[in-house]
Amino acid sequence: TLFAEEKDGKAIQNVCAYKEAVFEQINASGWTEEKLKQKVKAAYKLPFNLEKKPPVRFHLFTLSKTDHILLQVQHHIVGDRASYFMSFKDFEEIYRAQRSCEQVSLPVIAYSYEDFVNWQSEFLDSSQARESLIYWKEQLGGDLPILNLPCDYHRPPVPAFNGSTYSFELNKELKDKVKAIAKQENTNLYRFLLTAFNVFLYRYTAQNDIIIGIPAAGRIKPEFKNIVGYFINMLPIRTRFSDKLSFKELLSQVNQTVLKAIEHQ
């Protein structure tokens, strides 16, 4: 399937009866480990031309006759994290069967992404969807806050999406304490850390109304559990602060807000 853009900005799908896979073999013999890492990184950063080429491609880096690195790059328009692991599992099964000269036996897929789209269209006309719409109108009613973090630069009129990632780890002792408190308060590690992140933003902005977008898996029916496709659903989590709130009370609020958002996703 190729993806084109119409004049009004809408994306349309062009389903091809057959399309040759994008497969590149690179002779990497004699490369240092550092050069190999740089080349693999450069290969996965190459942009896709979705109008002309499929949204999945493969790069095989050949170090020797028996040593290869296969890079599979998949555009987010056709798959999420769960899809990647499913397709990789199938790939392993096929590879193992071919090496052993056995017949490949993959489970039959009863549903497709098209079935999910059709179900979603029907759902949007249901009474359940109307109830969810009432919930979101209440949750996102009034003036929506803009997060005004103190930054080194002025916010540009047009978002450039430039940024970076800061990674860190909690030591085991702290992690165990956090998990124990989360369990005690009938929540989980994710919702605890989301609450802590809310407090962090509150401390730096002094805003008593903050919305954070969180990703939900979106595979809410068992029929769609094993389908390759993009199911990720971004949910806005709105937290209201007060100087009188304890952390545990705020944790309870965030916990309930997340559970309700997932229920009405």
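Residues numbered from 1 in each chain as written. Predicted model: local features only at pLDDT ≥ 70, side-chain atom pairs only at ≥ 80, totals over all residues. Heavy atoms only, no water.

Trainee: In this structure, what is going on with a negative patch on the surface? I would like to understand it.
Mentor: A cluster of acidic side chains, namely E5, E6, D8 and E51, defines a negative patch on the protein surface. Among the secondary structure elements, E51 is positioned in the loop between α1 (33–45) and β4 (56–64). (Patch = residues over 30% accessible without salt bridge, like charges linked within 9 Å, V, L, I, M, F, W, Y side chains within 5 Å. Areas by Shrake-Rupley, 256 points an atom, 1.4 Å probe, with all protein chains shown as cover. Salt bridge = Lys/Arg side-chain N within 4 Å of Asp/Glu carboxyl O. Lys, Arg positive; Asp, Glu negative; His and termini not counted. Charge placed at Lys NZ, Arg CZ, Asp CG, Glu CD. Helix = DSSP H or I, 4+ residues; strand = E, 2+ residues; numbered from the N terminus.)

Trainee: Sorry if this is basic, but what is going on with the packing of aromatic side chains here?
Mentor: Any pair of aromatic rings gets described here by the distance separating the centres and the angle formed by the planes. Under the counting rule described, the total for this entry stands at 18 aromatic pairs. Aromatic side chains F91 and Y95 sit 6.5 Å apart centroid to centroid with 5 degrees between the ring planes, which places their arrangement in the stacked category. Taken as a pair, F91 and Y95 lie in helix α2 (residues 81–99) at a separation of 4 residues, close to a single helical turn. The partly exposed category is assigned to F91, whose relative accessible area is 36%. Chaining the aromatic ring pairs together yields one cluster made of Y111, Y113, F116, W119, F123, F224 and F231. Cation over ring: R57 sits above F48, and NZ or CZ is 4.4 Å from the ring centre. (Phe/Tyr/Trp six-rings, centres within 6.5 Å; stacked < 30°, edge-to-face > 60°. Buried < 20%, exposed > 50% of the residue type's maximum accessible area, 1.4 Å probe, protein only. Lys NZ or Arg CZ within 6 Å of the ring centre and 35° of its normal.)

Trainee: Whenever I open this one, unusual backbone geometry confuses me. Can you help?
Mentor: Most peptide bonds adopt trans geometry, and most residues besides glycine take a negative phi value. Although it is not a glycine, C101 sits at a positive phi angle of roughly 55 degrees. Looking at where C101 falls in the secondary structure, it is placed in the loop between α2 and α3 (113–123). For C101, a relative accessible area of 74% translates into the label exposed. Phi at N186 is positive, roughly 60 degrees, even though this residue is not glycine.

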